[in-house]
Amino acid sequence: MKDKVISSLHKLRDISPLVHHITNSVTINDCANITLAIGASPVMADDENEVKEMVNLAKALVLNIGTLNARTVESMLIAGKEANKIGIPIVLDPVGAGATSYRTMWAQRLFEELNISVIRGNASEIMAMSGLTGNTKGVDSSSESDVAISCAKELIGFKPCTVAITGAVDIVIDEVRELRLKNGTKMMKQVTGTGCMASSLTGSFCASGVEPFLAAASALTVIGIAGELAECSLKNNEGIGTFRTRLFDYVHTMDANKINLYMEALENEKIRA
Amino acid sequence: MKDKVISSLHKLRDISPLVHHITNSVTINDCANITLAIGASPVMADDENEVKEMVNLAKALVLNIGTLNARTVESMLIAGKEANKIGIPIVLDPVGAGATSYRTMWAQRLFEELNISVIRGNASEIMAMSGLTGNTKGVDSSSESDVAISCAKELIGFKPCTVAITGAVDIVIDEVRELRLKNGTKMMKQVTGTGCMASSLTGSFCASGVEPFLAAASALTVIGIAGELAECSLKNNEGIGTFRTRLFDYVHTMDANKINLYMEALENEKIRA
Amino acid sequence: MKDKVISSLHKLRDISPLVHHITNSVTINDCANITLAIGASPVMADDENEVKEMVNLAKALVLNIGTLNARTVESMLIAGKEANKIGIPIVLDPVGAGATSYRTMWAQRLFEELNISVIRGNASEIMAMSGLTGNTKGVDSSSESDVAISCAKELIGFKPCTVAITGAVDIVIDEVRELRLKNGTKMMKQVTGTGCMASSLTGSFCASGVEPFLAAASALTVIGIAGELAECSLKNNEGIGTFRTRLFDYVHTMDANKINLYMEALENEKIRA
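Please read all numbers here as calculations on a predicted model, not as lab measurements. (Residues numbered from 1 in each chain as written. Chains lettered and ligands numbered in written order. Predicted model: local features only at pLDDT ≥ 70, side-chain atom pairs only at ≥ 80, totals over all residues. Heavy atoms only, no water.)

Trainee: How would you sum up the relation of the copies chain B and chain C? Please name residues and give values.
Mentor: Expressed as a screw operation, the relation of chain B to chain C combines 0.0 Å of axial shift with a rotation of 120°, fitting to an RMSD of 0.0 Å. This pairing of chains is accounted for by a three-fold axis. If distances are taken from each C-alpha of chain B to the rotation axis, the shortest is found for Ser25(B), at 3.8 Å. (Least-squares fit on C-alpha atoms with pLDDT ≥ 70 in both.)

Written out as C-alpha cells, the structure is:
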C-alpha cells in the first residue's frame, strides 16, 4: 500500500491537475492552498453562469456543503451533471449532514442526482447520508464506527462509490475493499477545515487519474502524516496557529521517505465476501 | 476578577459548547479557528433554510455584520428570533456601524428586534448604534471613549444588555457595572479580524453559561493577553503574519497562570449609582 | 526608480488610506491583511445597498473577479461608477479572464464601462481581456509575454490606463512607459492569492496619491522582494504554510533598506516612440 500511495503522489505532482471546487466560505482559502500544497491547481468558481464551462477545464470536481445555500447548491448540481457527462470524478464532502434537515436533504440529493466517486465525511455525516437519524447510541451494541461502516455499505449498495469515513481511525471502503488508516492526530479536530482539506486532497488525487479508493487512501495518509509531524514540531506555547501553518508545510514537503517511515495501515486491503 | 476569568475559562473548556455564527466573509475562518482555539466548537451556517434548526443545536449565537448583505441579514433575523425564543444568548458585532447608513440601520434594527446579550464594538460603532452621527470631536470636551460610554449607557437604558467597547483600554459596561481592561497591543489593529475574534470569544464564554458581563470581560482579557504575548514573541523581520499565527497559539494555550500574571483591570467592577 | 518606490512607501505609510475592495471569497482575508501589512486600511463591503456610500470614504477601489457572481458584479458596477464620479482610482484584477466566457465578458465589460487606472493580471488574463482567445502558441514566434505586451498596448490604445503583467518577469506599461521588474520567486505561484495581494497593494499605493504606473511598480517590487526574502528564510520541512506567513511579515517590515538592496528593474522606464 505504501508503494501505491507514493506512486500516486508522484503521479499527482507530474500532472498537476486542475481541481474545480464548489465549497464553503469558511475554509475556501484552506482548500485552495492545500490543493496547491500537494501539487495540484485549484479553481473555486461557484456561479451558475460559469461552472459548466469551468468543469470542462478541470480533471475533478469537489463539492463541499459546509456553508450550503440556495445559490451555490444550484451551481453544484449544474457542475456535477457536467462532470458526469464529461466523465471526471466528483468528490462529495457532506459537511454537517445530520445537523439540519436542509443539509441532510441536500447531501442525499447530490448523491442521488449525481454519480459520486468518493464521499468523504465523519461517522455521523455518513450515517445521516444513509438515512440513519437520531441517537446512534440506541442502535445496538456496535461502536459508532461499525455503524458508520454499515451505513457506508448501504450507500455503496445503493450506488457504487468509495466512502472515506474519517475519525480516530480512517476507514476507506468500496464495493469490494476495506482499508483502515491510523495516521493523524486529535489536534486536527481543533483546526477548522482539516476535513475539507482531506476532501480537496482526495479530489487532487482523483484528478490525477488515481482510482477513487486509492485516491482517498492517499489523501488521508498524506494529511494524517502531515498532522502528526506538525504536532510533533510544536514547541512551548505553540498551539493551533502554528500547527495549522505546519500542516500546510508538511503536505507541501510530503515525500516517499515520510510515507515509508510513517504510514500506518491497520489492515490490508481485503476483498469482501 | 482574575479568579472569575480563570473559572470562566475552565467552565468553557469543560463544556466545549457549540457557538453558531452568522458572520462576514473576510474573517469567517478566523472566527471559526479562534472559537476552536479557546476550546468551544463553531458552526457557521447562514442560509435561511437551516439557521433556525441550527440555532437549536447551539448554546449561543454570534451575529457579525462585517460583510452585511440582503441574504444573510434575513438569516440573522430568523436565527436571532429563534435564539431569543429558546433562550440562548446573542452577541452582536456591529462592524462598521456608522460607515454607511445601510450598516447603521441594520445594526440598530438587529438591536431593536432582538434581545442582545452583548454588543462588542469599537467606540465609533457604539456611538453610531446609539444614533450619534458625524464628527464626535465637536460633541464637547469629552474624549471619544467618554462619549462612547455615555452612548453605551443610552443603549443599555433603552434595552438592558452588556456593551463591550474595545480600544486602547477596553470598557465593559452593563446596567450596574463598569470595568476597564488594559490588556492588548496596538498590533491587534494591524491584523484584520481581531475585533471579530473578540466577539466570537465572547460568544464562546456566553455559550458556556458565563453571564454576559463576565463573558465579555473574559474574552477581552484572553485575546488581550494573547496579543501581548504574541507581540513579545516576535523576532527580527517578523510582523503581522507571524503575529497572527501566534495570536491563535496563545489563545489556544491560555491558562490560569498567564491570566494571573498578565491580566490588568484598571478599575474594579463597580456598582453605579 | 528605487528612490521613487521608497518615497511611495513612505507616502503610503504616512497617509494610511482606506482602500475599498469588492473581491473574491477565496482570498478576501489575505487581501485585507496585505493591505494592513503595507500600512493602508481595508474595507471589503460588497452589498449594492452600501457600496456607493462606502466608496466615498475610500481613496481607491479594487475590483477582483476571482469568484465573480451575479450579486457582486452589480456592486462592482455601482461602486466603480461612483469611484469614477468622485475621481478615485480603480484597480481591476481580471482573475481567470479567458477561462470561461462569463468571466472574460465581465472583465471586458468592467474595463469598458469604467475608467480603470490599473489592470493587474497574468499574461493569459491580459490576452483574454484584449479579445485574444485560444492557444497563444499558434499566434506567431513571439513568447507569451511579448504577446501579452502587445495585448496590453491594445487595451491602453482603446482606453488609456496602466497594465501590470505579472509573471517570471513583471511588466508595467502605460501609454508612454514600460518597466520590467525581476523580483519575486516561483513559490509565489504555489500560494493562492499572491496575484490578488499584488492588486491590493497596487490599490493601496494608488490610494496614497501615487500615480498608477509607479503604484503598480511599487506594489510588484514590495511583494516580489517579500516573496524572495520569505523563501530564503525557509528551513528544513518548511513549505508554503510558513512561506505565506512570512510573506505578510516581509511586506509588513518592508523598508528603504530592503528596497535598495534587493529591487531589480531589468530595464529603466522608457519613453516609447
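Trainee: Let's hear about helix H4 (residues 70-86) of chain C: which residues, and what values?
Mentor: Quick reminder: α-helices carry 3.6 residues per turn. Residues three or four places apart thus point the same way. All names here are of chain C. For H4, built from 17 residues, the straight-helix expectation of 24 Å at 1.5 Å per residue is met to within 8% by its first-to-last C-alpha distance of 25 Å. All of the buried residues along H4 are Thr72, Val73, Ser75, Met76, Leu77, Ala79, Gly80, Glu82 and Ala83. Residues of H4 that are buried in the fold lie against strand E1 (18-22), helix H3 (51-55), strand E3 (60-64), strand E4 (90-93) and helix H5 (101-113). Structurally, the start of H4 carries an N-cap: the backbone nitrogen of arginine 71 is 3.0 Å from a side-chain oxygen of asparagine 69. (Helix = DSSP H or I, 4+ residues; strand = E, 2+ residues; numbered from the N terminus. Expected span 1.5 Å × (residues − 1). Buried < 20%, exposed > 50% of the residue type's maximum accessible area, 1.4 Å probe, protein only. Contact = heavy atoms within 4.5 Å. Polar contact = N/O pair within 3.5 Å; in protein donor to acceptor, adjacent residues only side chain to side chain.)

Trainee: Mind laying out the pattern of salt bridges, listing which residues take part and the relevant values?
Mentor: On inspection of all chains with the given rule, the structure shows 36 salt bridges over all chains. Notably, a salt bridge pairs Arg180(A) with Glu178(A), separated by 3.5 Å at the nearest N-O pair. Take Arg180(A) and Glu178(A): they sit in the same class, and that class is buried. Among the ionic pairs, Glu113(B) bridges to Lys81(B), the shortest N-O distance being 3.4 Å. Of the two residues, Glu113(B) sits in helix H5 (residues 101-113) while Lys81(B) sits in helix H4 (residues 70-86), which places them 32 residues apart along the sequence. Residue classification places Glu113(B) among the partly exposed residues on the basis of a relative accessible area of 33%. Counted as one network, the salt bridges with shared partners bring together Asp46(A), Asp47(A) and Arg71(A). (Salt bridge = Lys/Arg side-chain N within 4 Å of Asp/Glu carboxyl O.)

Trainee: Quick one: what's the story with the interface of chain B and chain A, residue by residue and with numbers?
Mentor: Taken together, the contact pairs 22 residues of chain B with 26 residues of chain A. Taking both partners together, chain B and chain A bury about 2,100 Å²; carbon and sulfur atoms supply 52% of that area. Put simply, chain B and chain A have one salt bridge between them. On the surface where chain B and chain A come into contact, there are 14 residue pairs in polar contact (both at pLDDT 80 or more). For the side of chain B that touches chain A, the element with the highest residue contribution is helix H2 (residues 28-38) of chain B, accounting for six residues. For the side of chain B that touches chain A, a count of residues per class yields 10 nonpolar, six polar and six charged. (Buried area = accessible area lost by both parts, 1.4 Å probe. Nonpolar A, V, L, I, M, F, W, Y, C, P; charged D, E, K, R; others polar.)

Trainee: Could you give an account of the UniProt feature "binding site: ATP" (unreviewed entry) in chain A, with specific residues and numbers?
Mentor: Residue and element names in this part refer to chain A. In the UniProt entry, the feature "binding site: ATP" (unreviewed entry) is given for Arg120 and Thr166. Taking the farthest pair of C-alpha atoms as the criterion, the annotated set spanning 47 residues converges on one region, since that pair is 7.3 Å apart. The topology assignment puts arginine 120 in strand E5 (residues 118-122). With relative accessibility at 4%, the residue arginine 120 sits in the buried group. In this structure arginine 120 touches Leu92, Asp93, Pro94, Ala164, Thr166, Gly195, Cys196, Ala198, Ser199, Thr202 and Leu220, once residues within four positions along its chain are discounted. Its place among the elements puts threonine 166 in strand E6 (residues 162-166). Discounting residues that sit within four places of it in the chain, threonine 166 has contacts with Arg120, Gly121, Asn122, Ala123 and Leu220. At a separation of 2.7 Å, a polar atom in the side chain of threonine 166 contacts the side chain of arginine 120. (UniProt positions renumbered as here; feature names shortened; annotations may be inferred.)

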